[in-house]
Structure formats: C-alpha cells, structure tokens
Amino acid sequence: MDDFPLGRASFDPPPPAAEALWRHVTELLADERESIAGRAVSAPVDAAALRAAVEAYDFERPAAPETVIGEVADLLREATVHTTHPRYFGLFNPTPTLMGIVGETLAAAFNPQLAAWSHAPAAAEIEAHLLRFLGGRLGYPPERVAGSFTSGGAEANMTAVLLALTRAWPRYGTEGLRALPGRPVMYASAESHLAWLKIAHATGIGRDAVRLVPTTGLRMDVPDLARRLAADRAAGDLPFLVVATAGTTAAGAIDPLHELADLCGDQGLWLHADAAYGGAAALSDRLRPALSGIERADSITVDAHKWLSVPMGAGALLTTDAEGLAETFRVTTSYMPAGVPETVDPYTSSQQWSRRFMGLKLFLSLAVAGRSGYAEQLDRDAELAAGLRAKLAADGWDIVNDTPLPVVCFADPGNGTWEHHEALAARVVRGGRAWISPVRLDGRAALRACVISHRTSSADVDVLVETVDRARKVTT
Ligand SMILES: *Cc1c(COP(=O)(O)O)cnc(C)c1O
C-alpha cells in the first residue's frame, strides 16, 4: 500500500488506494474469523504495558494505515474478552452478524443525520418500519407503535421513566419534581437490571425511589408488590411506574407479565417491560409465548445488540403512546429544519439529537436472514442451552433457574459458597477455553452460562461441560 496518501490526503484517498485498504481490512477480518476458535476466549492483561503501547501514539507524525490497523488489531486480539468466540458463554454480548457489520459500515459512510426526518428520510423511515415490525411481533398494533432507537437498554429504560413521569404529572416537564405533591416511587424486582438506580439518580427522583421487590422463583412476587404499593401510598409516596423484567440479566427469568398488567391497570400505574435481552424471543414462534402479556405494557425496551446479534450499540424503546413521547421530548428551534407533514422528527421522540443510523444494521440482518432465519437461530440457542442444562444435571450440578431462554445457572451442591463459585468461574476463565461468570440468585451462589453466539456448536457446549467438571475437581 505504498501509494496510500498520508496526512490530510488520507481523509479521502483516490479509489485505488481506498480499495487496497478495504482489501487489507477484509483479509484481516477473514483471518480473525478463521483463527478465533483456536485462541483463548480471554487472557490476563498487563494494564501498564497496554497503556504504554497505546500512549506510544503521540499523533505528531502520520503513520501508514496498515501499520496502525495491524497494531490496533494486535491490541484488540490480546486485550479483549472475545465476545465473538464460540465459547463465550457470557453476558448478553453476541457475535455480530456479517450484515450487521456491513450495516455499520454503510451507516458510517453515508452518515445520515437522523435528528430531523427531512435530513434523512430514508434512514428515518427504515427505523420507523423496524420499530413497527418489532412492536408488531411483541403484540402491539403495528400502526400505533411509536418509539426510538437508543444507544442501548439503559437509554431506552431512561426514556421509559421520563415518559412515565411526564404522563403521570404533566407539570414534571415544565416545573420539575418540586411541582409534585409528594415523592414519586417506582418498582422493579430485586433481580432487575440495576441501571434503574442510575436512571433514578439522573431523572431526579433519587435512588431511594427505586423499590426492589423480592422475587419468588426469581420472578417478581406480585402480592408483595401489592402490599408495598399500599404501604407506600399510606405513607404519602406516589407510585407511578412498575417495571416487569422479561429476561433478567442474571437468570433470564420473566416476571409474571399478565398479573403485573392487571395490577397496573387497576391502580393506574405505568407498566414498562424491560425486555432488553428477552424481547428477541418475539421473533421465534416457538419462544414468543413466553412473553405473553408484554403487549399490555405501556412501553417496552428491546436491545438489538443483545440476542438480535447486531454490533453495539442499538437498543429500542417502543410504546403505543406516541403523544406521550412527543410531549416528553418536544422542542422547537429556529435552526432545525421545519417538520414534514405525516412524519416524526426523531429528535422530538428521543433523548438524543444528532444520532447515528443505528437501525440499518438490524434492517440488513433481518432482511437477509429473514424472520425465519432469526427464529431458527434463536431456537437453536434455546436447544443448545437445554442440552447444556441436561448435561450439567447429569454430571451432578444443581440447575438453579427455570427459563425458556438460553441462560443456564448452575451450582455445586458440594459447596454453596460465593467464594467457591467465584473461584470456579475464575479457573474456567483463566484456562481460556471458555468464558462464564459467577452470579448470585436470590442470595444463592451459582455459575452462569448464556448461549448467544451463532458460532456456538454442541461440541462447544461439550467443551464447557468438560471444563467446569474439571474445575470442580481441582477447586476446593
Ligand atoms: C443489558 C440490559 C440492560 C442494559 O442495556 P444496555 O444495552 O447495556 O444499556 C437493561 N436491562 C436488562 C434486562 C438488560 O439485560
């Protein structure tokens, strides 16, 4: 690549140089795909050496792109937990689809500005169509679906809280929390994703306003919730929101959606379904019944960058309350282009203003795989997890969660301590052949393995079983 221009000319090199660079990148990615399964899922990192290697770049002089790309790829190979490895049985981080990676590239290259519909009509309509599709699969009437693509589940959940507050107290938006006649409080299960605490902090209701309701079988205990609601009301607090988690982060548990919808309906409370991970199940006819009742939620969070296997970040907030969303994010300024009739400007239905075209990676993945291709993959993950559960049980592990989703939590009946399970997970991770994590469920220590990569095969599941069995033998 001797003719690749450096300096300012590198911003937009002539086509032959650009093509040579792209070829270099695709070769690197092909090599990565071929070699990943044979390498460790993760390896210990010397933080000081890593920082020194990065700081060697002082940016004073230009450098050849293949040198820089090669060095960065080496750093990424050495100092990353490889979520794209077939034996990454970790958190909800997928191996991205190739179409998802292509979507990221096209989105970056066209760089549409999604704040105003009139600046990016094609991108805005693609995203709006995807939201209607996802909402439709989740049971909303598609024509009533409003929402926005978000950076991830945390932003989508934050949007739900802003929306619920604005709907409960229109004055919240203009005069703030001080205009409220009391303290707003919200409810989520003790197994929920604790981004709720940061969100409570940021929205001004305060972390103490998040009531963590105990669980039975890792699902929210609805009678307990009802008692807390009554007690809080009696104490003068103002309940406004209940969060149903549809696929908990630790165990893939799904809160009782219909019971929560009944209770929220009776009490006039906003029901939000946090299906950041589990929402993907709606694409499979076999798994979708597990989400029954989610269509009764006022709003739903779904992350495309989890089980829908697109690159980070892409979440979505869905609601049937278009008006509430518009009220939450309304603003007009002279410098923004005027609205176009029959369209929604994304900056008036989202916390973000300038925004990346996040939906494209999902659009391309879905269009090429088809909904049926996704369903096949989701069902396959669920089957691999069922196989994993059976093998672990046969080898004497206690299976401690019960979910149709591919999250398997298991404990050593011989030693139930947290320290023991932490040591087991650490031993597995140190060995590099697989990646799992320790987890606490309702106070009980366990190990957690999630099947989420389309690269994972039943042979990889067997390696995981072998690896944890061996770790148990040598860890006391
Ligand atoms: C991952 C997750 C979140 C947070 O989503 P991000 O995409 O990481 O911001 C929230 N809730 C649940 C249930 C999750 O699994």
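Residues numbered from 1 in each chain as written. Predicted model: local features only at pLDDT ≥ 70, side-chain atom pairs only at ≥ 80, totals over all residues. Heavy atoms only, no water.

A.B. asks: With reference to specific residues and values, describe the sheet that holds strand 13 (residues 444-450).
C.D. replies: Pairing in this open sheet of 4 strands is antiparallel, and the strands run 10-11-13-12 from one edge to the other. One side of each edge strand has no neighbouring strand; the edge strands of this open sheet are strand 10 (398-399) and strand 12 (437-441). In this sheet, strand 13 lies alongside strand 12 in antiparallel orientation, the contact comprising 5 bridges. Directly across from Leu 441, in strand 13, lies its bridge partner Arg 444. On top of the sheet, helix 13 (residues 418-431) reaches strand 11 (407-411), strand 12 and strand 13; it is set at about 155 degrees to strand 12, its chief contact. (Pairing = 2+ DSSP bridges. Helix = DSSP H or I, 4+ residues; strand = E, 2+ residues; numbered from the N terminus. Contact = heavy atoms within 4.5 Å. Axes fitted to C-alpha atoms, helices over the stretch in contact; angles between N-to-C directions.)

A.B. asks: How would you summarise the UniProt feature "modified residue: N6-(pyridoxal phosphate)lysine" (unreviewed entry) in the chain if you had to cite specific residues and measurements?
C.D. replies: Per the UniProt record, "modified residue: N6-(pyridoxal phosphate)lysine" (unreviewed entry) is found at Lys 306. Locating Lys 306 in the fold gives a position in the loop between strand 8 (299-303) and strand 9 (315-319). Judged by relative accessible area, which is 16%, Lys 306 ranks as buried. Residues in contact with Lys 306, not counting those within four places in the same chain, are Phe 92, Pro 94, Ala 276, Tyr 277 and Ile 452. (UniProt positions renumbered as here; feature names shortened; annotations may be inferred. Buried < 20%, exposed > 50% of the residue type's maximum accessible area, 1.4 Å probe, protein only.)

A.B. asks: Would you mind going over the state of the cysteines in detail, with residue names and values included?
C.D. replies: Scanning the model with the defined rule gives 0 disulfides in all. Counting only cysteine sulfurs, Cys 450 is the nearest neighbor of Cys 409, a cysteine outside any disulfide, at a range of 9.3 Å. Using a relative accessible area of 0% as the deciding quantity, one classes Cys 409 as buried. (Disulfide = S-S within 2.5 Å.)

A.B. asks: I'd like a description of the side chain of His 420, backed by residues and values.
C.D. replies: Inspection of the secondary structure assignment puts His 420 in helix 13. Judged by relative accessible area, which is 4%, His 420 ranks as buried. In this structure the side chain of His 420 is engaged in a polar contact, spanning 2.7 Å, whose partner is the side chain of Asp 412. Apart from residues no more than four positions distant in its own chain, His 420 is found in contact with Asp 412, Asn 415, Thr 475 and Thr 476. (Polar contact = N/O pair within 3.5 Å; in protein donor to acceptor, adjacent residues only side chain to side chain.)

A.B. asks: Tell me what's going on with empty space enclosed by the protein, and back it up with residues and numbers.
C.D. replies: Taken as a whole, this structure holds 1 cavity of 30 Å³ or more when the rule is applied. In this structure, the largest cavity encloses a volume near 60 Å³. (1 Å grid on protein atoms, 1.4 Å probe; cavity = no way out; pocket = protein on both sides within 12 Å on 5 of 7 lines; lining within 4 Å. Points joined across faces, edges and corners; volume = space filled by probe spheres on them.)

A.B. asks: Any details on the nonpolar core? Residues and values, ideally.
C.D. replies: The tendency in soluble globular proteins is for nonpolar side chains to be buried as a group. The biggest cluster of nonpolar side chains holds 93 residues, and the ones touching the most others in it are Ile 300 and Leu 362. Leu 384, Leu 392, Ala 434 and Ile 436 belong to the second-largest nonpolar core, a separate cluster that totals 21 residues. (Core = buried A, V, L, I, M, F, W, Y, C linked by side-chain atoms within 4.5 Å.)

A.B. asks: Which residues make up the packing of helix 13 against helix 14 (residues 458-474), and what values do they have?
C.D. replies: Closest axis-to-axis distance for the helix 13/helix 14 pair is 9 Å, and the angle between their directions is 125 degrees. Between helix 13 and helix 14, the angle falls in the class oblique. Classified by chirality, the crossing of helix 14 by helix 13 is right-handed. Along its contact with helix 13, which presents Leu 424, Arg 427 and Val 428, the element helix 14 presents Thr 467, Val 468, Ala 471, Arg 472 and Val 474. (Parallel < 35°, antiparallel > 145°, perpendicular 65-115°, else oblique. Left-handed = near helix turned anticlockwise from the far one by under 90°.)

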